Amino acid sequence: MVTKIWSSCMPKPSSSPNRVERHHFYLCQWQSSTQVGICYLLYRLIVAIVFLAMLVCSVLDIGRSEPMYDHHYEKWWIYLTHWALIACTVQAWLAAIIVTKGLMIDRNEFEWNIHVARESRLHSVYWIAYTIATVYSFIVTIVYWMFVYDPSKNRVDAVNLMVHVLNSIIMLIDLTIVGHPIKLNHAYWTTGMGVAYALFSIVYYLAGGTDRHNESSIYKMLDWTKPGKSIVICALGIFAVFLMHFLCYCLYCLRVWLYARVCVQGNSSKSSSNEKITSITRTLSSMEEAQRENFLNPTAVVDLK
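Remember, predicted model here, so these are calculated numbers, not experimental data.

### Digging into the overall build of the chain
Okay, step 1: The number of helices and strands found in the chain is nine helices and two strands.
Okay, step 2: For the chain, the sequential pattern of α-helices and β-strands runs α-β-α-α-α-α-α-α-α-α-β.
Okay, step 3: Residues counted as buried form 48% of the 305 residues belonging to the chain.
Okay, step 4: For the chain, restricting intrachain contacts to residue pairs at least 6 apart in sequence, the fraction spanning at least 24 positions comes to 79%.
Okay, step 5: For the chain, the exposed area adds up to about 15,200 Å²; of that, 68% sits on carbon and sulfur atoms.

Okay, here's the thing in structure tokens:
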């Protein structure tokens, strides 16, 4: 087990686990067809619209019952919850764009998309945003309800439920549906965001910034008037982010295992050998030597180092 985890973290010279077929970003894990599906595109569009609506409601406080304070709207961006919500919205719209392009390429409706599809930058940005959004949605939900929520200050209203519950539900559903992987060696993106937020909180405190309740600390547990305690909290928080990233990776492995057992083996009597190979190409990254399906270009991959 330890060897498998280490192999996932450390790229092999002959087959880097950072290389993922581009068509994985166009397809659902559970579909049997290798063509981009209308249903999957509709799902991506619905998720994008829902996250945009959540972002607008959060920024404008539509559905919030808490009282307003000085500079209430200007301080929206200082909270980690809202950083995670931005990541969720960005990844959702990038996914919708990518799948839309994949559908047009698949149907040969626009020739110029063939050139666009060979650019992996959009896929890499989406992959980063998706990984951050997934991990931090769960982190925000758990930490908020366990350590931050205070009934005397925080009310369980529509906005609160959207940004602290619904975000995690959507990303959990998404994690079970998408066709691309969660990589262990991408943990530096998620832990890096944790370090970035910790540094931001220090700079914000030193600049005299306050939260929406005009208190000196953004979060009570991250009070830089007590630097020793805050440093320990930051270290534990970054470690918790890594653990959550590992848990998301395990959920991804479970998804692929179920796919291999239910879809691949379950349809073995009905599928030809070529269809089996096509199905297996959307399995774990340990099978990357088999992931060379001819979608646009057999060497079309997304590199994320």
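Now that the structure is up, let's keep going.
### Overview of the confidence of the model for the chain
Okay, step 1: Per-chain confidence: the chain averages 80 in pLDDT, with 74% of residues scoring 70 or above.
Okay, step 2: In the model of the chain, helix α1 (residues 2-9) stands out as the element of lowest mean pLDDT, 37, in contrast to helix α7 (residues 187-206), which has the highest, 96.
Okay, step 3: Confidence drops under a pLDDT of 50 for residues 1-18, and excluding neighbours within four residues, the segment shows 26 contacts in the predicted structure.
Okay, step 4: In this model residues 110-117 is a low-confidence stretch, pLDDT under 50, and it forms 12 contacts with partners more than four residues away in sequence or in other chains.

### A word on a nonpolar patch on the surface
Okay, step 1: Judged by side-chain polarity, W30, L172, L247, L251, L254, W257, L258 and V262 come together as a nonpolar surface patch covering roughly 690 Å² of accessible area.
Okay, step 2: Ranked by residues supplied to the nonpolar patch, first place goes to helix α8 (residues 227-264) with six residues.
Okay, step 3: According to the relative accessible area criterion, L172 is partly exposed, its value standing at 40%.

### Thoughts on the pattern of salt bridges
Okay, step 1: Under the criterion given, the structure shown has three salt bridges.
Okay, step 2: D174 serves as the salt-bridge partner of R44, at 2.9 Å between the closest nitrogen and oxygen. Placement of the pair is R44 in helix α2 (residues 38-60) and D174 in helix α6 (residues 158-177), with a sequence separation of 130 residues.
Okay, step 3: Of the residues examined, D174 reaches a relative accessible area of 0% and is grouped as buried.
Okay, step 4: The salt bridge partner of K153 is E215, with a shortest N-O separation of 2.6 Å. Within this pair, whereas K153 is found in the loop between α5 (121-148) and α6, its partner E215 is found in the loop between α7 and α8, the two being separated by 62 residues in sequence.

### Re the side chain of T191
Okay, step 1: With respect to the secondary-structure elements, T191 resides in helix α7.
Okay, step 2: Taking relative accessible area as the criterion, T191 reaches 17% and is therefore assigned buried.
Okay, step 3: Only 2.7 Å separates the side chain of T191 from the backbone oxygen of A187, close enough to count as a polar contact.
Okay, step 4: When neighbours within four sequence positions are excluded, T191 is seen to be in contact with I238, V241 and F242.

Conventions used here
Residues numbered from 1 in each chain as written. Predicted model: local features only at pLDDT ≥ 70, side-chain atom pairs only at ≥ 80, totals over all residues. Heavy atoms only, no water. Helix = DSSP H or I, 4+ residues; strand = E, 2+ residues; numbered from the N terminus. Buried < 20%, exposed > 50% of the residue type's maximum accessible area, 1.4 Å probe, protein only. Contact = heavy atoms within 4.5 Å. Areas by Shrake-Rupley, 256 points an atom, 1.4 Å probe, with all protein chains shown as cover. pLDDT = per-residue confidence, 0-100. Patch = residues over 30% accessible without salt bridge, like charges linked within 9 Å, V, L, I, M, F, W, Y side chains within 5 Å. Salt bridge = Lys/Arg side-chain N within 4 Å of Asp/Glu carboxyl O. Polar contact = N/O pair within 3.5 Å; in protein donor to acceptor, adjacent residues only side chain to side chain.

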